[in-house]
Amino acid sequence: MADNLGSSMESDGHHNYAGADSGDGGVKEQDRLLPIANVGRIMKQIMPQNAKISKEAKETMQECVSEFISFVTGEASDKCHKEKRKTVNGDDICWALNTLGFDDYVEPMKRYLQKYREMEGDRAAGGGHSTKASSSSDARDQPSAGAHFMFDPSERSKPSASRGF
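Keep in mind that this is a model prediction, so the values were computed, not measured.

Analysis parameters
Residues numbered from 1 in each chain as written. Predicted model: local features only at pLDDT ≥ 70, side-chain atom pairs only at ≥ 80, totals over all residues. Heavy atoms only, no water. Core = buried A, V, L, I, M, F, W, Y, C linked by side-chain atoms within 4.5 Å. Buried < 20%, exposed > 50% of the residue type's maximum accessible area, 1.4 Å probe, protein only. Helix = DSSP H or I, 4+ residues; strand = E, 2+ residues; numbered from the N terminus. Contact = heavy atoms within 4.5 Å. Salt bridge = Lys/Arg side-chain N within 4 Å of Asp/Glu carboxyl O. Phe/Tyr/Trp six-rings, centres within 6.5 Å; stacked < 30°, edge-to-face > 60°. Lys NZ or Arg CZ within 6 Å of the ring centre and 35° of its normal. pLDDT = per-residue confidence, 0-100. Expected span 1.5 Å × (residues − 1).

Caption draft 1: The arrangement of the nonpolar core in detail. By size, the foremost hydrophobic cluster in this structure holds eight residues: V72, A76, I93, A96, L97, L100, F102 and V106. Listed by contribution, the elements that provide at least two residues to this core are α3 (55–82) and α4 (90–99). When residues of this core are assigned to their parent elements, the largest contribution, three residues, is made by α4. Once you skip the residues sitting within four places of it in the chain, L97 turns out to touch F68, V72, F102, D103, Y105, V106 and M109.

Dropping the structure here:
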């Protein structure tokens with residue numbers, strides 16, 4: 001089964017995400033992976049200020065997060081394909097996270113999505129322009145275009161048995 005949303009199903013039942021093949025016209029590695037500078041910057045945020053991160057660690061994390069995004073997006077894409085929809089939305093990503101056993105990420109993602117939608121609604125109501133009349137606390141509560149998705153470890157529920165790791 002092949003869909004036009006970024007992944008196809010191999011004969012063995014596994015997804016072959018765009019660019020995951022070995023050079024027969026697929027997407028280049030640099031287009032498949034998140035930029036390593038961005039990965040390094042995110043990693044550095046959690047590390048002590050004087051800590052260093054090796055190139056190998058950044059490259060390993062780059063592969064992992066890129067594969068995770070492809071894995072979750074592929075599941076959401078399959079859902080959309082079955083429902084004859086072409087657009088994957090935030091709710092589809094939350095559904096995929098839950099379906100794949102990443103329960104700890106669903107609620108923080110839903111909260112982020114709600115704040116994002118509120119911000120978009122405010123932006124649309126304001127004619128697309130931000131106003132200086134809004135309070136600074138309102139601005140802090142809403143994600144910006146470059147806002148980070150933050151997972152608070154204190155919000156963790158019991159480890160999910162469905163993950164297997």
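Caption draft 2: Summary view of the pattern of salt bridges. Throughout the structure, instances matching the rule amount to eight salt bridges. We note a salt bridge from D92 to K79, for which the minimum N-O separation is 3.3 Å. In this pair, D92 sits in helix α4 while K79 sits in helix α3, placing the two residues 13 residues apart along the sequence. Note on accessibility: D92 and K79 belong to one class, buried. Measuring nitrogen to oxygen at the nearest pair gives 3.1 Å for the salt bridge that ties D91 to R117. Residue D91 is found in helix α4, and its partner R117 is found in helix α5 (residues 103–125); the two are separated by 26 residues along the sequence. On the basis of relative accessibility, which here comes to 41%, the residue D91 falls in the partly exposed class. In this structure, a network of salt bridges that share partners links the residues K79, E83, R85 and D92.

Caption draft 3: Highlighting the packing of aromatic side chains. Within the structure shown, the criterion is met by one aromatic pair. Both rings, one in F68 and one in F102, keep their centres 5.0 Å apart while their planes meet at 85°; by these two values the pair is edge-to-face. Here F102 lies in the loop between α4 and α5 and F68 lies in helix α3, a separation of 34 residues in the sequence. On the accessibility criterion, F68 (31% relative accessible area) is partly exposed. The class of F102 is buried, set by a relative accessible area of 8%. Directly above the aromatic system of W95 lies the positively charged group of K79, at a separation of 5.5 Å from the ring centroid.

Caption draft 4: Representation of the confidence of the model for the protein chain. Predicted confidence across the protein chain gives a mean pLDDT of 75, with 62% of residues reaching 70 or more. The low-confidence segment residues 1–24, where pLDDT is below 50, has 42 contacts with residues more than four positions distant or belonging to other chains.

Caption draft 5: Structural context of α3. A rise of 1.5 Å per residue sets the reference length of α3, with its 28 residues, at 40 Å; its end C-alpha atoms lie 40 Å apart and thus fit the reference within 8%. By the burial criterion, the buried members of α3 are Q62, S66, S70, V72, G74, A76, S77, D78, K79 and C80. Positioned one or two residues after α3, K84 has a phi angle of 60°, which is positive.

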